[in-house]
Amino acid sequence: MNVKEVVKPIDLRSDTVTLPTEEMLEAIRHAKLGDDCYKEDPTVNQLEEMAAKKMGKEAAMLVPSGTMANLVSVTANTNRGDSAILEADSHIYWYEVGGISAIAGVLPIPVKGKMGVMNPADIEAAIRPESLHYAKTTLVCIENTHNRAGGTIVTPSQIEAISKVAKENDLRLYMDGARIFNAAVALKVDVREFTRHVDNLMFCLSKGLSCPIGSIVVGSEEFIEKSRKIRKILGGGMRQAGIIAAPGIIALEKMIDRLEDDHKNARLLAKGLVKIEGLHVDLRTVQTNMVMCDVDGLGIPAEVFVERLRVRGVLTNSISKTRVRFVTHRGIEKEDIEKALSIIEEVVKEIKTESKR
Ligand code: TLP
């Protein structure tokens, strides 16, 4: 090999690593711009209208990140001192630096789900009613697809059942739909099937849809007006944000159907991993673009395995002492999966030989 030749790593850490398409970069160059704090950016306005329509809600608001979208939404759905029920492995609970407590003043009540889906009866049992002693529960948050459960889908009928409990108990229902289009594409249903039973939601333009930045909060006119003020408090009021919105429009028009390729690649990867002794994948959880692999059988910590793969050019993330997460996206082809599998197999063999010494 030519020493100057650089082998491109196979990056399966996250779909957040996707780069914008040429068309997106062109759209950024030509976007019509204005000051969005005056609601004068025509490209942002167009994207927000498109998003609201696509989700079957009244209004939408662009924010820089999924984390800000969740924080704005939880804040807008609650009062300080309230409590919110969320899945015990949810992104809001694990990966958002405790923002809903630190900033929104909300007490999270984690409820363990099965494959990322909370049982409506468990939600009902976790509700803290109005009382001198309780942080009143006013919100339920679901995550779809569910990240730590492995990209699993909360189906429309499961959402409907949760929404029934929420309505009966006068709670709002919010969906972290960062990857909601993955769910819609996987089940081959209109995304509105997932949104019609929730009061409001967010979804990400980055991740599988390949935009460089951006998430969108969607809900009623009133909710979005309130959210605009909260976004402003958080420093997320943007000016010529059309440069962010322009690729978002392309994402909604052209990037949704291709998510199916990512799902096919994830299944291919999962089927390959289960054949490797020492690795375990629960194939029931491989529903979209993620694969969670248990590496306990190798006798080394997941993060050590991740490092062994990294030096061989396969990038992944460990999400616990025993689990490694693989995520497929637009930067990954079938050939990359095949190559990754053969590297993983070799590394596992090496680990086994070392352990026998
Ligand atoms: N998830 C990232 C990491 O933060 C873990 C990833 O690599 O998957 N909701 C869900 C369900 C998410 O998976 C993420 C990002 C977010 C919200 C936050 O989005 P960003 O990264 O835009 O703040």
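Calculation rules
- Residues numbered from 1 in each chain as written.
- Predicted model: local features only at pLDDT ≥ 70, side-chain atom pairs only at ≥ 80, totals over all residues.
- Heavy atoms only, no water.
- Helix = DSSP H or I, 4+ residues; strand = E, 2+ residues; numbered from the N terminus.
- Buried < 20%, exposed > 50% of the residue type's maximum accessible area, 1.4 Å probe, protein only.
- Polar contact = N/O pair within 3.5 Å; in protein donor to acceptor, adjacent residues only side chain to side chain.
- Contact = heavy atoms within 4.5 Å.
- Phe/Tyr/Trp six-rings, centres within 6.5 Å; stacked < 30°, edge-to-face > 60°.
- Domains from an automatic or database assignment.
- Buried area = accessible area lost by both parts, 1.4 Å probe.
- Salt bridge = Lys/Arg side-chain N within 4 Å of Asp/Glu carboxyl O.
- Nonpolar A, V, L, I, M, F, W, Y, C, P; charged D, E, K, R; others polar.
- Pairing = 2+ DSSP bridges.
- Axes fitted to C-alpha atoms, helices over the stretch in contact; angles between N-to-C directions.
- Near = heavy atom within 4 Å.
- Areas by Shrake-Rupley, 256 points an atom, 1.4 Å probe, with all protein chains shown as cover.

The omega torsion across Asn 144 and Thr 145 is 0°, close enough to zero to call that bond cis. Mapped onto the secondary structure, Thr 145 falls in the loop between strand E5 (137-143) and helix H7 (156-168). For Lys 39, which is not glycine, the phi torsion reads 55° and is therefore positive. Locating Lys 39 in the fold gives a position in the loop between helix H1 (22-30) and helix H2 (42-55). With phi around 55°, Lys 188 is a residue other than glycine that occupies positive phi space. Residue placement: Lys 188 occurs in the loop between helix H8 (180-187) and helix H9 (192-195).

With that out of the way, let us pick up the side chain of Thr 285. You can see Thr 285 is positioned in the loop between helix H12 (259-274) and strand E9 (290-294). With a relative accessible area of 8%, Thr 285 lands in the buried category. A distance of 2.7 Å separates the side chain of Thr 285 from the backbone oxygen of Asp 282, its partner in a polar contact. In contact with Thr 285, not counting residues within four places along its chain, are Met 115, Ala 149, Gly 150 and Thr 152.

Turning our eyes to something else, we now look at the packing of aromatic side chains. Evaluation of the coordinates by the stated rule reveals 2 aromatic pairs. With centroids separated by 5.4 Å and ring planes inclined at 85°, the aromatic side chains of Phe 181 and Phe 203 adopt a geometry described as edge-to-face. Here Phe 203 lies in strand E7 (residues 200-204) and Phe 181 lies in helix H8, a separation of 22 residues in the sequence. The exposure classification of Phe 181 matches that of Phe 203, with both residues buried.

Attention now goes to the domain arrangement of the protein chain. On domain assignment, one finds that the protein chain holds domain 1 (19-254) and domain 2 (258-355). Summarising the inter-unit geometry, the C-alpha centres of domain 1 and domain 2 are found 29 Å apart. Taken together, the contacts link 22 residues of domain 1 with 15 residues of domain 2. Carbon and sulfur atoms make up 51% of the area that domain 1 and domain 2 hide from each other, which totals about 1600 Å². Together, Met 115, Arg 148 and Asn 182 form the three largest contributors to the area buried by domain 1 at its contact with domain 2, with a combined 29%. At the junction of domain 1 with domain 2, the criterion picks out 0 salt bridges. Looking at the side of domain 1 that touches domain 2 residue by residue, the classes come out as 11 nonpolar, 9 polar and 2 charged.

Bringing the sheet that holds strand E11 (residues 317-318) into the picture now. Whether parallel or antiparallel, the strands of a sheet pair through hydrogen bonds between backbone atoms. Ordered by their spatial adjacency, 3 strands build an open sheet running E9-E12-E11, and the pairing between neighbours is antiparallel. In this open sheet, the two strands that pair with only one neighbour each are E9 and E11. Taken together, the 5 bridges between E9 and strand E12 (residues 323-327) define a ladder with antiparallel strand orientation. Bridge pairing links Met 292 to Arg 325 in E12. Lying over the sheet, H12 contacts E9 and E12, oriented at roughly 15° with respect to E9.

The next thing to look at is the environment of Gly 34. In this structure, Gly 34 sits in the loop between H1 and H2. Through-space distance from the C-alpha of Gly 34 to that of Gln 46 is 12 Å; in sequence the pair is 12 residues apart. In this view, Gly 34 contacts Glu 40, Asp 41, Pro 42, Arg 239, Gln 240 and Ala 241; residues no more than four positions away in its chain are not counted.

Our focus in this paragraph is the site of the ligand. Residues in close proximity to the ligand total 16 residues, the closest being Ser 14, Gly 66, Thr 67, Asp 176 and Arg 179. Within the backbone of Gly 66, an N or O atom sits 2.8 Å from an oxygen atom of the ligand. A distance of 2.8 Å separates an oxygen atom of the ligand from a polar atom in the side chain of Asn 147. Contact with the protein chains covers 82% of the free accessible surface of the ligand, which is 510 Å². If one sorts the elements of the shell around the ligand by residue count, helix H3 (residues 66-77) sits on top with 3 residues. Looking at the shell around the ligand residue by residue, the classes come out as 2 nonpolar, 8 polar and 6 charged.

Turning our eyes to something else, we now look at the side chain of Ser 215. Relative to the helices and strands, Ser 215 is located in strand E8 (residues 215-219). A relative accessible area of 0% places Ser 215 in the buried class. For Ser 215, the side chain forms a polar contact with the main-chain nitrogen of Gly 66, separated by 3.0 Å. Setting aside residues no more than four positions away along its own chain, Ser 215 makes contact with Met 61, Leu 62, Val 63, Pro 64, Ser 65, Gly 66, Ala 69, Met 202, Phe 203, Cys 204 and Leu 205.

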